[in-house]
Amino acid sequence: MTQQNIPSVYDAEPIPAEARAEIDRLLQTGDLFRYTAPEDAPVALLEREFAALLGAKYALAVSSCSAALFLSLKALGLPRDARVLIPGFTFAAVPSSVVHADCVPVLCEVGENYRIDINDFQARLEDSIDAVVISHMRGHTSDMDAIMALCAARNIPVVEDAAHSLGTKWHGENIGTIGRIGCFSFQSYKMINAGEGGILITDDADAVARAVIMSGAYEHNWRKHMAPGDNSPELEAAFERWQNKLPLYNLRMSNLSAAVIRPQLGHLARRVSDGLRNHDYVANALENSPWITVPDKLAPEERAPDSIQFNLVGMSDDETRAFAEAAAERGVKVQVFGLSTDNARAFWNWEFIPGGAPELPQTRKMLMRACDARLPARLTMPELDSIIEALTSAASDVKGAYAKAV
Ligand SMILES: *Cc1c(COP(=O)(O)O)cnc(C)c1O
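Since this is a predicted model, take the numbers as computed values, not measurements. Each chain has its residues counted from 1, running along the sequence as written. With the structure being a predicted model, the display of local features is reserved for residues of pLDDT at least 70 and the display and counting of side-chain atom pairs for 80 or more, all residues being used for whole-chain, interface and lining totals. The side-chain quantities take in all heavy atoms of the structure and omit both hydrogens and water.

Caption draft 1: Seen up close, the site of the ligand. The cutoff for a nearby residue is simple: one of its non-hydrogen atoms must lie within 4 Å of the molecule or strand. In the vicinity of the ligand, 13 residues are found, and the nearest of them are C65, S66, D161, S185 and K190. Under this definition, polar contacts are N or O atom pairs within 3.5 Å; protein pairs additionally need one hydrogen-donor-capable and one acceptor-capable atom, and for neighbouring residues in sequence, both atoms have to be side-chain atoms. Between the ligand and the protein, one listed contact pairs an oxygen atom with a side-chain N or O atom of S66 at 2.6 Å. In this structure, K190 approaches the ligand through a side-chain N or O atom, which is 2.8 Å from an oxygen atom. Calculation of accessible area relied on Shrake-Rupley with a 1.4 Å probe; when residues are assessed, cover is drawn exclusively from the protein chains displayed. If the ligand stood free it would expose 390 Å²; the protein chains cover 92% of that surface. Lys, Arg, Asp and Glu make up the charged group, whereas Ala, Val, Leu, Ile, Met, Phe, Trp, Tyr, Cys and Pro make up the nonpolar group; the residues left over, Gly among them, are polar. Of the residues belonging to the shell around the ligand, the class tally is four nonpolar, seven polar and two charged.

The structure is reproduced here in structure tokens:
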């Protein structure tokens, strides 16, 4: 076993060369603020392009997906201490955005397949829930048919945290367009890399007008959110309705970020198909190990993964730790969500939640055996083979190469 084929999974794909020319132009002119140009600033163009790409009416680019989630909750006009149901398996940014919006996160159980447990979701929805944030964690889509039906019946708005789901589809529809508002991330480990950045999409003129103003469109800068010549009386009326009525949180995106993002939009389809090919190739091969299982996707779901999650079978906590060490020795870094100290995706570390995070036995059990490895779209087949070899050998190192555990 050599480690020389093991790729660095943290190296990003180069930013397309077109970005350089645009960044040079922006640096020459110093035109970095989205509201300096009278129209068509790079951030405004990004918003139009992104909304068109996803099939949404409106988009608002901001400083991060966390900012987009926060603004979404503020845009819904939730009262202080509103109860927001979120999955017990997500990134700490999600309960944080709920707390930031002066709301109270309520957690529900997640199954072994990393998706929301619909029975538990339904039960908790009865507990005075005012809004729902569905976090498609690591791009694993929860059952949106069941979720939308349950929420529609109770008139509860749904925000989709699609930070890691750009390019994922549900019954052929883009994830992020199913709930009232969808939020995406341009942080470096997501499908499109600007270092930092986020965007929200919606068809709701009132919600986007509120979010635009609160994101920092002071005075009449909201006019620059309407395409030139575009006559949208509904949107204009919503902006006028909220003029001077809302606090400004200043979570805007800079033109430099937009210049880095825009040329990557054209690469999305390729990244999605490469990422899916890589994921499915590795997932199939890992299933040959008696000690590893990769949960299936849901039937209506078309995935866009840039990482892989799998569960260890028949291993104790110590064996699980030994597996992660053996994989690291073989050059592949695997994180067990529930076992690494202070992991931001383990709900018991969200001590900032008012009253503390509740116990979620089913989610905890999953987190103690669920492994996370990055699998960027740019990896080659030989590199994938070396990752497969490292992971399956690490499991055999710990358990021996016996039959599939029962
Ligand atoms: C990355 C991520 C976030 C946070 O995105 P930022 O742009 O870093 O704020 C939120 N939710 C999920 C599921 C994520 O993967």
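Caption draft 2: Just the packing of aromatic side chains, in detail. Centres within 6.5 Å are what make two rings of Phe, Tyr or Trp a pair, Trp counting through its six-membered ring; a difference in plane orientation under 30 degrees is then read as stacked, over 60 as edge-to-face, and the rest as tilted. According to the stated counting rule, one finds nine aromatic pairs in the structure shown. With centroids separated by 4.9 Å and ring planes inclined at 85 degrees, the aromatic side chains of F70 and Y249 adopt a geometry described as edge-to-face. Linking F70 in helix α3 (residues 65–75) with Y249 in the loop between α8 (233–242) and α9 (255–265), this pair joins segments that are 179 residues apart in sequence. The rule is simple: take the accessible area with a 1.4 Å probe, protein chains only, and divide by the maximum for that residue type; under 20% is buried, over 50% is exposed, in between is partly exposed. For F70, a relative accessible area of 2% corresponds to the buried category. According to the relative accessible area criterion, Y249 is partly exposed, its value standing at 30%. Measuring from ring centre to ring centre gives 4.9 Å for W222 and F239, while their planes differ by 15 degrees; the resulting arrangement is stacked. Residue W222 is found in the loop between α7 (205–216) and α8, and its partner F239 is found in helix α8; the two are separated by 17 residues along the sequence. There is no split in this pair, since W222 and F239 are both buried. In our convention, an over-ring charge means Lys NZ or Arg CZ found within 6 Å of a ring centre and within 35 degrees of that ring's normal. When the ring centre of W242 is taken as reference, the NZ or CZ atom of R210 above it lies at 4.3 Å. Runs of E in the DSSP output that reach at least two residues are strands. Runs of H or I that reach at least four are helices, and both are numbered from the N terminus.

Caption draft 3: View of the sheet that holds strand β10 (residues 292–293). Strand order in the open sheet formed by four strands is β10-β12-β14-β13, and the pairing between neighbours is antiparallel. At either end of the open sheet lies a strand with only one pairing partner, and these are β10 and β13 (335–336). Strands β10 and β12 (307–312) of the sheet are contacted by helix α10 (residues 268–286), whose axis makes an angle of about 15 degrees with β12. Any two residues having at least one pair of non-hydrogen atoms within 4.5 Å are treated as being in contact. Whenever a helix is involved, its axis is fitted only over the stretch in contact; in every case the axis is a line through C-alpha atoms, and angles between N-to-C directions fall within 0 to 180 degrees. Against the sheet, helix α11 (residues 317–329) touches β12, β13 and β14 (370–374), its axis set at about 145 degrees to β12. The rule for pairing is simple: two strands pair if DSSP sees at least two bridges between them.

Any functional reading would require information that these geometric values do not contain.
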